[in-house]
Amino acid sequence: MDMISAALSAAAKAKTLAVKSPGDTPTVMQAESVLVTPIIPPRQAKAIRAADLSSKLYLETESEVDDYLSKLKTELLAVIAAGRRAYSINLQDVGY
């Protein structure tokens, strides 16, 4: 019984690690003598289909590549500016 009491006492004294935002290093947070672990929900993600950004099956000139990359960058930055995460999707990944 003493071992259980000691374990419970040690667990109660243990500091809780928490992160302020996704990707941060865990830190100890304490508010009014009560350890608090904030819950940060993951950001929503949006799929970006790179193939939708070009009307051509193949890119053949430097100008076409520049145009495609500009559209892709604009789309990715818009998703990030909206507070979301962006990920790409390939047709092979979904069974096409």
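So, a few notes on the structure that sits alongside this text. Since the model is a prediction, treat every value here as computed from it, not as a measurement.

## What to know about the nonpolar core
No. 1: Among the nonpolar cores identified, the biggest contains five residues, and these are Ile 48, Leu 53, Tyr 68, Leu 72 and Val 79.
No. 2: For this core, the leading source of residues is helix H2 (residues 62-81), giving three residues.
No. 3: Leaving out residues up to four positions away in the same chain, Val 79 has contacts with Lys 46, Ile 48, Arg 84, Arg 85 and Ala 86.

## So, H2
No. 1: An ideal rise of 1.5 Å per residue puts 28 Å on 20 residues; H2 measures up with 28 Å between its terminal C-alpha atoms.
No. 2: Those residues of H2 not exposed but buried are Glu 64, Tyr 68, Leu 72 and Val 79. In an axial view of H2, the angular spread of the buried residues amounts to 60 degrees, which keeps them on one side of the axis. Opposite the packed face of H2, turned more than 90 degrees from it, sit the exposed residues Glu 62, Ser 63, Lys 73, Thr 74 and Ala 81.
No. 3: On its buried side, H2 packs onto strand E5 (45-48) and strand E6 (85-88).
No. 4: Positive backbone phi, approximately 80 degrees, marks Gly 83, located one or two places after H2.

## Brief notes about a nonpolar patch on the surface
No. 1: Together, Leu 59, Val 65 and Leu 69 make up a nonpolar patch on the protein surface, roughly 220 Å² of accessible area in all.
No. 2: Locating Leu 69 in the fold gives a position in helix H2.
No. 3: Accessibility expressed as a relative area gives 45% for Leu 69, which makes it partly exposed.

## Section: the pairing of E6
No. 1: Sheet topology places E5 next to E6; four bridges connect them, and they run parallel. Considered in E6, the bridge of Ala 45 is made with Arg 85.

## What to know about the pattern of salt bridges
No. 1: The tally for this structure, following the rule as stated, stands at four salt bridges.
No. 2: Two residues, Lys 46 and Glu 75, come together in a salt bridge whose shortest N-O distance is 3.3 Å. Highlighted residues: Lys 46 in strand E5 and Glu 75 in helix H2, separated in sequence by 29 residues.
No. 3: Classification of Glu 75 by relative accessible area gives partly exposed; the value is 27%.
No. 4: With a shortest N-O distance of 3.8 Å, Arg 49 and Asp 52 are connected by a salt bridge.
No. 5: Given the relative accessible area of 53%, Asp 52 is considered exposed.

Rules used throughout
- One numbering rule holds for all chains: residues counted from 1, following each sequence as written.
- Only residues with pLDDT of 70 or above have their local features reported here, since the model is predicted, and side-chain atom pairs are shown and tallied only from 80 upward, although totals for entire chains, interfaces and linings are computed over all residues.
- Note that water and hydrogens are dropped before the side-chain values are worked out from all heavy atoms of the structure.
- In this text, buried Ala, Val, Leu, Ile, Met, Phe, Trp, Tyr and Cys residues form a nonpolar core when linked through side-chain atoms within 4.5 Å.
- The rule is simple: take the accessible area with a 1.4 Å probe, protein chains only, and divide by the maximum for that residue type; under 20% is buried, over 50% is exposed, in between is partly exposed.
- What counts as a helix is a DSSP run of H or I of at least four residues, what counts as a strand is a run of E of at least two, and both are numbered from the N terminus.
- Two residues qualify as a contact provided that any one of their heavy atoms is within 4.5 Å of a heavy atom in the partner residue.
- Every helix has an expected span of 1.5 Å times one less than the residues it contains.
- When we speak of the arc, we mean the arc of directions from the helix axis to the C-beta atoms.
- Like-charged residues within 9 Å of one another, or nonpolar side chains (Val, Leu, Ile, Met, Phe, Trp, Tyr) within 5 Å, are grouped into patches, provided each residue has over 30% relative accessible area and no salt bridge.
- Reported accessibility uses the Shrake-Rupley method at a 1.4 Å probe radius. Residues are deemed covered only where the shown protein chains occlude them.
- Take a side-chain nitrogen of Lys or Arg and a carboxyl oxygen of Asp or Glu: if they are within 4 Å of each other, that pair is a salt bridge.
- Following DSSP output, two strands are said to pair if at least two bridges run between them.

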